[in-house]
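# Descriptive analysis of the structure
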Amino acid sequence: MGLATFDVVAVCGSYNLVYWFHFQSLPGISGSVAALTCLWIASSYLLGRYSQRYRPNNRWRIALSTAVVCLLLALTAAALNWGAEIQDPRTLPRFALPTALIAAGASSLVQSRVHQRQERPEHWVLIGSDTELAVVEAEHKLEAGRSSLQLTLLGSAGVEDHLPALAQADLAGIAIGERAQLSERALEQLLALRGQGRQVISLVNWSEQLLQRVPPELFTSYWLAQAEGFELQPERLGWRLKRLGDLVVAVALLLTTAPLIAIAAVLIKLEDGGAILFSQVRTGIYGQPFRIRKLRSMRSDAERHGARWASHSDPRVTRIGHWLRKLRIDELPQLLNVINGDMSLIGPRPERPEFEQDLETQIPHYRIRHWIRPGLSGWAQVCHPYGASVADSRSKLSYDLYYLRNFSLPLDFLILLKTIQLVSRGAGSQPNKTAN
């Protein structure tokens, strides 16, 4: 959000600067400035310029995305001046290109500074039980490209012998697990460190802040019974506002995409003559079953041997179905479920009862995801690859738990933007090759 805000200032500022150079006046925030800024922000976001992913080739990604955005602006200006023959003194070489280059230079410089800051070492000391530390270590390995995050793992036993040395250490903070068995001496030392300005937080909060997910093994049922958050409940203002937004957006999307659904239906029928819609029972809020309908993307006999997970390059997917899944067109009929109140636009994806019976026995606190309405898209869908195994379901639950704890309308809006980005790239529509 910070980078996008700076880009708004950079584009508006460069536009006014170039305009003043040519015409000795300032247009302020005119319609042209607003259109140019929206085009810049939208294309930058879709190209991943505002992504928080930690990659070793960030500089190349910044340079490439900047070049693409500038090219897009140049082509737009050329189309308006030459193709559409709009008579305007703000021509491509004298106006559009200088504006784009000035904004690109400022934006790229700030982006590089931000990434350099993110790459600075961030050292945390984590204290917990063996189980908690093993979970955190496994989660840390998933952050393979994030070398700046450095962890020191300390078991509960004898931790008081290590705490005095932390007073002088260069630390970002200390996180303590729910199951950590700490002596009075250790607790006094931790309170002393906190009194000296050290950040001391729970391991759950650390996971939310640093990983943006909450592994279900990090908290107990006792903690869950009294934990803050989880505010998305009936009769609360947030619940009502979310429902109102669901209705307005779902109706608008359904009307807008109706022609696309009709074309997809014709193509499905022409391909194999089978049914257009595919119906399944899913688990909804409070564990209540409901029925969803999707545009059929698999063969009619795809489950003749019973329900099973999807796989990478699944042979059951039809040729038309491949593109329907890639562009998420097959999900559009579920907008009716949103209108009916069975689903929300944003929330945990509803799972099949056949799979959930097994998942509930293998994944702790799995049923928490039923505390809110399931969604067409969710935090897990935009942060985690397509899920097609028990391990994937456990990882997705950690993102669902983060969403339940931190729901807000701005977070819903962010998920919506990330969903648009995923769909535009055709990403996340099938399991990875390693999924089973």
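If you're wondering where the values come from, they're calculated on a predicted model, not measured in any experiment.

## Examining the overall build of the protein chain
Along the backbone of the protein chain there are 16 helices and 8 strands. Split into buried and exposed, the 436 residues of the protein chain put 45% on the buried side. Contacts in the protein chain between residues far apart in sequence, at least 24 positions, make up 74% of those at least 6 positions apart.

## As for the environment of Asn-16
Examined against the element boundaries, Asn-16 turns out to sit in helix α1 (residues 2-23). Linking Asn-16 and Thr-99, residues 83 residues apart in sequence, is a C-alpha distance of 8.6 Å. With sequence-adjacent residues up to four places away left out, Asn-16 is seen in contact with Leu-26, Pro-27 and Gly-28.

## Considerations on a nonpolar patch on the surface
Residues Leu-17, Trp-20, Phe-21, Leu-26 and Ile-102 make up a contiguous nonpolar surface patch of about 570 Å² in total accessible area. Within the secondary structure, Leu-26 is located in the loop between α1 and α2 (31-46).

## Looking at the packing of helix α10 (residues 237-272) against helix α11 (residues 319-326)
Direction vectors running N to C along α10 and α11 enclose 155°, while the axes themselves pass 9 Å from each other. Taken together, the axes of α10 and α11 lie roughly antiparallel to each other. Across the interface between the two elements, Ala-264, Leu-267, Ile-268 and Glu-271 from α10 touch Arg-319, Ile-320, Gly-321 and Leu-324 from α11.

## Examining the sheet that holds strand β2 (residues 149-155)
Across the sheet, 4 strands lie side by side as β2-β1-β3-β4; this open sheet has parallel pairing. At either margin of the open sheet sits one strand with a lone partner, and together these are β2 and β4 (200-202). This sheet shows a mean twist of 25° between the axes of neighbouring strands, independent of strand direction. Along the sheet, helix α5 (residues 130-142) contacts β1 (122-128) and β2; its crossing angle with β2, the most-contacted strand, is approximately 165°. Sheet contacts for helix α7 (residues 184-195): β1, β3 (173-176) and β4; angle to β3, the most-contacted strand, approximately 145°.

## Re the pattern of salt bridges
Under the definition given, this model contains 16 salt bridges. Between Glu-271 and Arg-319 there is a salt bridge, with the nearest N and O atoms lying 3.6 Å from each other. With Glu-271 in helix α10 and Arg-319 in helix α11, the pair connects residues that are 48 residues apart, well separated along the chain. Across the pair Arg-369 and Asp-400 runs a salt bridge, and its minimum N-O distance is 3.3 Å. Here the residue Arg-369 occupies a position in the loop between α13 (353-362) and β8 (375-377), and Asp-400 occupies one in helix α15 (residues 390-406), the gap between them amounting to 31 residues. By the burial criterion, Arg-369 is buried, and Asp-400 matches it. Because the salt bridges share partners, they merge into one network encompassing Glu-139, Arg-213, Glu-217 and Arg-394.

## Thoughts on the state of the cysteines
In protein structure, a disulfide is the covalent linkage between the sulfur atoms of two cysteines. Under the counting rule described, the total for this entry stands at 0 disulfides. Free of any disulfide, Cys-38 has its nearest cysteine sulfur in Cys-12, 9.1 Å distant.

## Details of α13
Residues of α13 that are buried: Phe-355, Glu-356 and Leu-359. Projected onto a plane normal to the axis of α13, the buried residues spread over an arc of 95° and lie on a single side. More than 90 degrees from the buried face of α13, the exposed residues found are Gln-357 and Thr-361.

## Re helix α8 (residues 203-211)
Burial analysis of α8 places 7 of its 9 residues in the buried class, which makes it a mostly covered element. For α8, the complete set of buried residues consists of Leu-203, Val-204, Trp-206, Ser-207, Glu-208, Leu-210 and Leu-211. Downstream of α8 by a residue or two, Gln-212 has a phi angle that is positive, lying close to 60°.

## So, the pairing of β1
Among the 7 residues in β1, 5 count as buried, and that is most of the element. Inspection of the sheet shows β1 paired to β3 by 4 bridges, in the parallel sense. Residue pairing across strands places Leu-126 opposite Ala-175, the latter belonging to β3.

## A few points about the confidence of the model for the protein chain
Here the protein chain shows a mean pLDDT of 82. Residues at 70 or above account for 84%. Counting interchain partners and residues more than four positions distant, the pLDDT-below-50 stretch residues 83-88 has 6 contacts.

What counts and what doesn't
- Residues numbered from 1 in each chain as written.
- Predicted model: local features only at pLDDT ≥ 70, side-chain atom pairs only at ≥ 80, totals over all residues.
- Heavy atoms only, no water.
- Helix = DSSP H or I, 4+ residues; strand = E, 2+ residues; numbered from the N terminus.
- Buried < 20%, exposed > 50% of the residue type's maximum accessible area, 1.4 Å probe, protein only.
- Contact = heavy atoms within 4.5 Å.
- Patch = residues over 30% accessible without salt bridge, like charges linked within 9 Å, V, L, I, M, F, W, Y side chains within 5 Å.
- Areas by Shrake-Rupley, 256 points an atom, 1.4 Å probe, with all protein chains shown as cover.
- Salt bridge = Lys/Arg side-chain N within 4 Å of Asp/Glu carboxyl O.
- Axes fitted to C-alpha atoms, helices over the stretch in contact; angles between N-to-C directions.
- Parallel < 35°, antiparallel > 145°, perpendicular 65-115°, else oblique.
- Pairing = 2+ DSSP bridges.
- Disulfide = S-S within 2.5 Å.
- Arc of directions from axis to C-beta.
- pLDDT = per-residue confidence, 0-100.

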